[in-house]
Amino acid sequence: MFAVIFSWLIGVVLAADVHVSWDVSFQNVSRDGFSMHLATVVNGKLPIPPVYVDQGDTLHLHVQNSLPHPLSIHAHGLFQRNTTYYDGTGMITECGIPPGHSFTYKIHTTDQTGMFWLHGHHEFELPDGLRVPFIIRKKSLWEVDEDILITLEDWLQMEFMEKTRLIDQMPSKLLDHNYPSVLINGINGNLTQPIRFVPGKRYRLRVISMSSTYWFRFRIPGHLMRIVEADGIDSKPAAVEGLDMCPGQRYSVLVDALDTAKYNYNINVTFFANFVERAPNVNPRYYHIPLEYRESAPVKQYPIKEDHQVKWSSEFDLQPQDKQEILEPIDRQIVLGEKEYGPKVGLPFYAFGNYAFNHSIQVPALMTALSMGDLAMDPRVYGPQANAQVVRHMENVELVLNNTNARDHSFHLHGHVFQVVELGCAVQDRRLCSSRTRRSLKWPMRRDTVTLPMHHYIKVRFKADNPGTFMGQCHQEQHLYKGLAFVLVEAPDVLQKTLKVPQAILDHCRILGRKTQGNAAGNWGFNMTGLPQATLVVNSI
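Residues numbered from 1 in each chain as written. Predicted model: local features only at pLDDT ≥ 70, side-chain atom pairs only at ≥ 80, totals over all residues. Heavy atoms only, no water.

Draft legend 1. Highlighting the overall build of the protein. The number of helices and strands found in the protein is 6 helices and 34 strands. Its C-alpha atoms give the protein a radius of gyration of 23 Å, within 12% of the compact-globule value 24 Å for 541 residues. Residues classed as buried in the protein amount to 58% of the 541 residues present. Pairs at least 24 apart in sequence give 79% of the contacts found in the protein among residues at least 6 apart. Averaging the coordinates of the 52 positive side-chain charges in the protein and doing the same for the 54 negative ones gives two points 3 Å apart. (Helix = DSSP H or I, 4+ residues; strand = E, 2+ residues; numbered from the N terminus. Rg over C-alpha atoms; globule rule 2.2 N^0.38 Å. Buried < 20%, exposed > 50% of the residue type's maximum accessible area, 1.4 Å probe, protein only. Contact = heavy atoms within 4.5 Å. Lys, Arg positive; Asp, Glu negative; His and termini not counted. Charge placed at Lys NZ, Arg CZ, Asp CG, Glu CD.)

Right under this line is the structure:
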């Protein structure tokens, strides 16, 4: 007993307050070496240095907003348990940091470890540069000689909103010279510095997709990768040939170096999007990271494998290290269909439900949940554009997402990891979907971001053990911009008894002219006078 208490005290003593200061502003930069445009930078620079803490530390992220619009910072994958107001989601948990003002996010790391990331989540700061790895370290289950971080990003040739306006006018522009570049470890993917291996040593590669819209595949020919973590959840080692990563996903893999330095190798990175047409040298596009054993050694070449010949990463081939069993029984099932409404020109509107999500609500959803008493359990008070889904405390929730359309989506749920329990065809036409149904019914892998493939459904489960208001969203920025999101309102009755929003957050709302009480319109009951009209979405494309 003494040893347990002593160990706990040692952990408390060693826990630290880690302070990181950001001044977020606009600046013209050229990250890929040939396109110059306005970007969102931190302390005048891009890329932003990764943030490292040890488990138990508290990160104090001091943010000065030097942008001309409100700003919020989301810690992707962090639960923010008992501090949901730090989730950093504009008009869901806060009104945002007003221009010229500052705020400190306090992020506790007592119950999570692994790979996460920080990014802007109010306007469109993420695709314009505001994204950075956030690593919570602990004593590893695996002995390694070196820990190596690899970041993968897409980089637009112009500001996100400028490109979106262009696409909205002429969809054919999707595949012209404005198709994104690739950044690997913060620089042009064609100029990536070598990763160096020493024969006989073991490495942990932390691979993180900080993409705003597009997919990555990652392979090391001649080397076996063993997945040991996905989205901050330790897994039993699982051998794969490659990582198939949607925007927002993270993997840690163990790689044993070969016993000889006779050859060097290339780590292959494929950048692609199956929701726009294929084009030679554009979609897909290929990059490599030099893997160097000896500076003068020749590069060993391997025959090119077709994608269907590669054993890619899959949630259904992973088991969590803690063997958490499938959540049963199901107390509540939420079924949402991805809907699209396509205008004749430009991108379609998207919705998980009947209305496209947008930030036009006048009161952050968290503050509606705290101020509306018993009515906070009624999804109507959050406004139609929130697509609110209200769940009770400690319910086992099964979320079924149906995608009958011809686009993949990257689904991310804030405030939780979910068990990935089933994937199957959402359409009967076998020409569109011929996949066999996959299930994980004993120890499903948990993660916070998953691919929702075209013409498929996916079932995920989570326990509603974290009272708050959390976004469920497509993590492709253009799809989020066009409405593919909903708000999970979790145990508002518990929130009202346990949570107090910091005064600084309330003050920011006042400065921005936003209310901090009432329904989505800032009124009482179901009176939505003053709330902008929501966009109704029906499947028409």
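After presenting the structure, the write-up continues.
Draft legend 2. Looking closely at the sheet that holds strand S6 (residues 102-108). Taken in spatial order, the 4 strands make up an open sheet running S2-S1-S4-S6, and their pairing is mixed. The sheet is open, and its two edges are formed by strand S2 (37-42) and S6, each paired on a single side. For this sheet, the mean inter-axis angle between neighbouring strands, taken without regard to orientation, is 20 degrees. The pairing of strand S1 (residues 17-29) with S2 spans 6 bridges and is classified as antiparallel. Across the sheet, residue valine 24 finds its bridge partner in S2, namely valine 42. (Pairing = 2+ DSSP bridges. Axes fitted to C-alpha atoms, helices over the stretch in contact; angles between N-to-C directions.)

Draft legend 3. A look at the nonpolar core. Trp22, Leu59, Leu118, Phe134 and Tyr382 are the most contacted members of the largest nonpolar core, which totals 64 residues. A per-element tally of this core places S1 first, with 5 residues. Ignoring sequence-local partners within four residues, the contact set of leucine 59 consists of Val18, Val20, Val51, Val53, Tyr105, Lys106, Ile107, Leu118 and Phe134. (Core = buried A, V, L, I, M, F, W, Y, C linked by side-chain atoms within 4.5 Å.)

Draft legend 4. Expanded view of helix H6 (residues 503-511). Within the span of H6, buried status applies to Ile505, His508 and Cys509. The buried residues of H6 occupy an angular sector of 100 degrees when the element is viewed end-on, so they sit on one face. Tucked inside the fold, the buried residues of H6 contact S6 and helix H3 (365-371). Just downstream of H6, glycine 513 is the residue with a positive phi angle, here 75 degrees. (Arc of directions from axis to C-beta.)

Draft legend 5. Region of the structure containing the sheet that holds strand S20 (residues 285-292). Here we have 5 strands laid out as an open sheet, ordered S12-S20-S19-S14-S17, and mixed in their pairing. Both edges of this open sheet fall to strand S12 (195-196) and strand S17 (242-245), since each of them pairs with a single strand only. Of the strand pairs in this sheet, S12 and S20 are connected by 2 bridges, and their pairing is parallel. Across the sheet, arginine 196 pairs through a bridge with glutamate 292, a residue of S20.

Draft legend 6. Focus on the state of the cysteines. Throughout the structure, instances matching the rule amount to 2 disulfides. One disulfide in the model links cysteine 425 with cysteine 433; its S-S distance is 2.0 Å. Where cysteine 425 bonds to cysteine 433 through sulfur, the torsion about that S-S bond is close to -80 degrees, and the disulfide is left-handed. No difference in accessibility class separates cysteine 425 from cysteine 433, as the two residues are buried. For the protein, the bonded cysteines pair up as 1-4, 2-3 when numbered in the order they occur along the sequence. Among the cysteines around cysteine 246, which has no disulfide bond, cysteine 474 carries the closest sulfur, lying 8.9 Å off. (Disulfide = S-S within 2.5 Å.)

Draft legend 7. Broad picture of the packing of aromatic side chains. Enumeration over the complete set of coordinates arrives at 17 aromatic pairs. Judged by centre distance (6.3 Å) and plane angle (65 degrees), the ring pair of tyrosine 86 and tyrosine 105 falls under edge-to-face. Taken together, the residues tyrosine 86 in the loop between strand S5 (73-76) and S6 and tyrosine 105 in strand S6 connect sequence positions 19 residues apart. Judged on exposure class, the residue tyrosine 86 and its partner tyrosine 105 are both buried. Ring geometry for phenylalanine 411 versus phenylalanine 486: centroids 6.2 Å apart, planes at 15 degrees, classification stacked. Here phenylalanine 486 lies in strand S33 (residues 485-490) and phenylalanine 411 lies in strand S26 (residues 409-413), a separation of 75 residues in the sequence. (Phe/Tyr/Trp six-rings, centres within 6.5 Å; stacked < 30°, edge-to-face > 60°.)

Draft legend 8. Quick peek at the side chain of asparagine 466. Turning to its location among the elements, asparagine 466 is positioned in the loop between strand S31 (456-463) and strand S32 (468-474). Looking at asparagine 466, its side chain comes within polar contact range of the main-chain oxygen of glycine 415, at 3.1 Å. (Polar contact = N/O pair within 3.5 Å; in protein donor to acceptor, adjacent residues only side chain to side chain.)

Draft legend 9. Looking closely at the pattern of salt bridges. Under the definition given, this model contains 30 salt bridges. The shortest N-O distance in the salt bridge between arginine 250 and aspartate 448 comes to 2.9 Å. Residue arginine 250 is found in strand S18 (residues 250-256), and its partner aspartate 448 is found in the loop between strand S29 (446-447) and strand S30 (449-452); the two are separated by 198 residues along the sequence. By relative accessible area, aspartate 448 is classed as buried at 0%. (Salt bridge = Lys/Arg side-chain N within 4 Å of Asp/Glu carboxyl O.)

Draft legend 10. Main features of unusual backbone geometry. Residues asparagine 283 and proline 284 are joined by a peptide bond in cis, for which omega reads 5 degrees. Considering the arrangement of structural elements, one finds proline 284 in the loop between strand S19 (265-272) and S20. Geometrically, the link from glutamate 328 to proline 329 is a cis peptide bond, its omega value of -5 degrees lying close to zero. Even without a glycine there, the phi angle at methionine 91 is positive, about 65 degrees. Mapping methionine 91 onto the fold places it in the loop between S5 and S6. The phi angle at asparagine 387 is positive, at roughly 50 degrees, despite the residue not being glycine. Structurally, asparagine 387 can be placed in the loop between H3 and strand S24 (389-391). Its relative accessible area of 8% is what places asparagine 387 among the buried residues.

Draft legend 11. Up close: the pairing of S1. For S1 and strand S4 (residues 58-65), the ladder comprises 8 bridges, and the chain directions are parallel. Bridge pairing in S4 links aspartate 17 to threonine 58.

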